[in-house]
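The lines below spell out each chain.
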Amino acid sequence: MKLLVLPGDGIGPEITHATLAVLREADRRHGLGIETETMDIGFAALNATGTTLPEPVMEAARAADGILLGPISHLDYPPRDKGGVNISAAIRVRLDLYANIRPARTRPGLPHRGTEMDLVIVRECTEGMYPDRNMARGIGEFMPTEDVALSVRKITRPACRRIAVWAFDLARSRRRKVTAVHKANNFIMTDGLFLEEVRAVARGYPDVELEEIIIDAMCAHLVRDASRFDVIVSTNFYCDILSDLASELSGGLGVAGSYNANPERCAAQAQHGSAPDIAGKGIANPTSLILSAAMLLDWLAPRRGEAFAGAARSLHRAIDDCLADPARRTPDLGGKLSTAAFAEAVVKAL
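Residues numbered from 1 in each chain as written. Predicted model: local features only at pLDDT ≥ 70, side-chain atom pairs only at ≥ 80, totals over all residues. Heavy atoms only, no water.

Take the sheet that holds strand β8 (residues 177-182) next. Strand order in the open sheet formed by 10 strands is β2-β1-β3-β12-β11-β4-β5-β10-β8-β9, with mixed pairing between adjacent strands. Unpaired on one side and paired on the other, β2 (35-38) and β9 (209-214) mark the two borders of the sheet. Taking the axes of each pair of neighbouring strands and ignoring which way they run, one obtains an average angle of 25 degrees across the sheet. Note: β8 against strand β10 (residues 231-234), three bridges, orientation parallel. Within β10, the residue paired with Ala 180 across the bridge is Val 233. Seen against the sheet, helix α4 (residues 87-94) touches β1 (2-6), β3 (66-69), β4 (99-105), β5 (118-124), β11 (259-261) and β12 (266-269) and runs at an angle of roughly 165 degrees to β3. Across the sheet, helix α9 (residues 287-304) lies against β1, β3, β4, β11 and β12, angled at about 160 degrees from β12, the strand it touches most. (Pairing = 2+ DSSP bridges. Helix = DSSP H or I, 4+ residues; strand = E, 2+ residues; numbered from the N terminus. Axes fitted to C-alpha atoms, helices over the stretch in contact; angles between N-to-C directions. Contact = heavy atoms within 4.5 Å.)

Here you go:
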């Protein structure tokens, strides 16, 4: 199994190194046959090649069985015409990794805010309110005058339908409930189109409950009682906000995994950013990327065999075991372990 490793910026190289140490132990125990290839992206690539995302990286991504993508410092990149490509967006759009899967789960012994929860946010991530992925040429944000800025939102029927199918398929393997989040009372055409497709898909899943909630009310419901939700599906921008909220309520972005996928390809990616203020200090929490790698193994299981599912389960158990013990946490969670020491603790827990 060939894994393309893209460490990224800031704390990316540190948490990627820690994640690979854990993956190597999982590979040794479960016989996964993982082979890795590491390539530079972000500032390292920009300095060497003039772009944050060199074309050979995309070629390697298309050939790989899976991708491990570290955090990036997109906000600090130069303009696109000077090589500052938004790597996350480019990989999602160019590889058509339309489903961004973001679980939020409270864990035994780990402090959290609000109620207990075990939910998954299913985010469409190739269109929506993001102007860097809405046009065949140029971007969907512009200024006709110095005092007016406009942005174009793109919602398409095929994208809405396929993300709804992903959500309902996932719900069938969980607690059989899908919550569709929208603002169709104001975005009548765009969110209305999204709801049309969700309802059409729902008719093919009579065993799965569908509820519809307006985005602002949804934020309040998550804070009040997140335990009522199972699978949440929505458009790009809404899910970006909801997933950060749910992750923070469940224990923090540092313990929230995610991946971007379609039925043929998958890229594991930590939910959090590159945290340049602590880069190089050896204190970054690698949990999010480790959990994302576990999700990638689980995605690979139907394609590569049950050993991958077993490895994913063992990684989740090891993380839960470590996070339940205050002495085996990183500083952001009140512990004292370094990035490398936490990875060692997870390896031992395996």
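Here the focus is the side chain of Arg 92. Considering the arrangement of structural elements, one finds Arg 92 in helix α4. There is no salt bridge for the buried Arg 92, and the closest opposite charge comes from Asp 240, which lies 6.6 Å off by N-O distance. A distance of 3.0 Å separates the side chain of Arg 92 from the side chain of Asn 260, its partner in a polar contact. Each residue touching Arg 92, except ones within four places of it in the same chain, is listed here: Leu 97, Asn 100, Arg 102, Arg 123, Cys 125, Thr 126, Arg 133, Asn 260 and Gln 269. (Buried < 20%, exposed > 50% of the residue type's maximum accessible area, 1.4 Å probe, protein only. Lys, Arg positive; Asp, Glu negative; His and termini not counted. Salt bridge = Lys/Arg side-chain N within 4 Å of Asp/Glu carboxyl O. Polar contact = N/O pair within 3.5 Å; in protein donor to acceptor, adjacent residues only side chain to side chain.)

Glancing now at unusual backbone geometry. Although it is not a glycine, Asp 96 sits at a positive phi angle of roughly 55 degrees. Among the secondary structure elements, Asp 96 is positioned in the loop between α4 and β4. Relative accessible area serves as the criterion here: at 31%, Asp 96 is assigned to the partly exposed category. The residue Ala 275 is not glycine, and still its phi comes out positive at about 45 degrees. Judged by relative accessible area, which is 23%, Ala 275 ranks as partly exposed.

Formed by 73 residues in total, the largest nonpolar core has its most connected members in Leu 3, Val 122, Trp 166 and Leu 297. At 11 residues, the largest contribution of residues to this core is made by α9. Residues contacting Val 122, with those up to four places away along its chain left out, are Asn 100, Ile 101, Ile 163, Trp 166, Ala 167, Leu 170, Val 231, Ile 232, Val 233, Ser 234 and Cys 239. (Core = buried A, V, L, I, M, F, W, Y, C linked by side-chain atoms within 4.5 Å.)

For the rest of this paragraph, the subject is the state of the cysteines. Per the counting criterion, the structure on display carries zero disulfides. Here Cys 125 stays unpaired: no disulfide links it, and the sulfur of Cys 239, its closest cysteine neighbor, is 9.7 Å away. Taking relative accessible area as the criterion, Cys 125 reaches 0% and is therefore assigned buried. (Disulfide = S-S within 2.5 Å.)

On to a nonpolar patch on the surface. On the surface, Met 135, Phe 142, Val 148, Leu 150 and Val 152 cluster together to form a nonpolar patch covering roughly 370 Å² of accessible area. For Leu 150, the location among the structural elements is in strand β7 (residues 148-151). (Patch = residues over 30% accessible without salt bridge, like charges linked within 9 Å, V, L, I, M, F, W, Y side chains within 5 Å. Areas by Shrake-Rupley, 256 points an atom, 1.4 Å probe, with all protein chains shown as cover.)

Treat this as a map of the structure, not an account of what it does.
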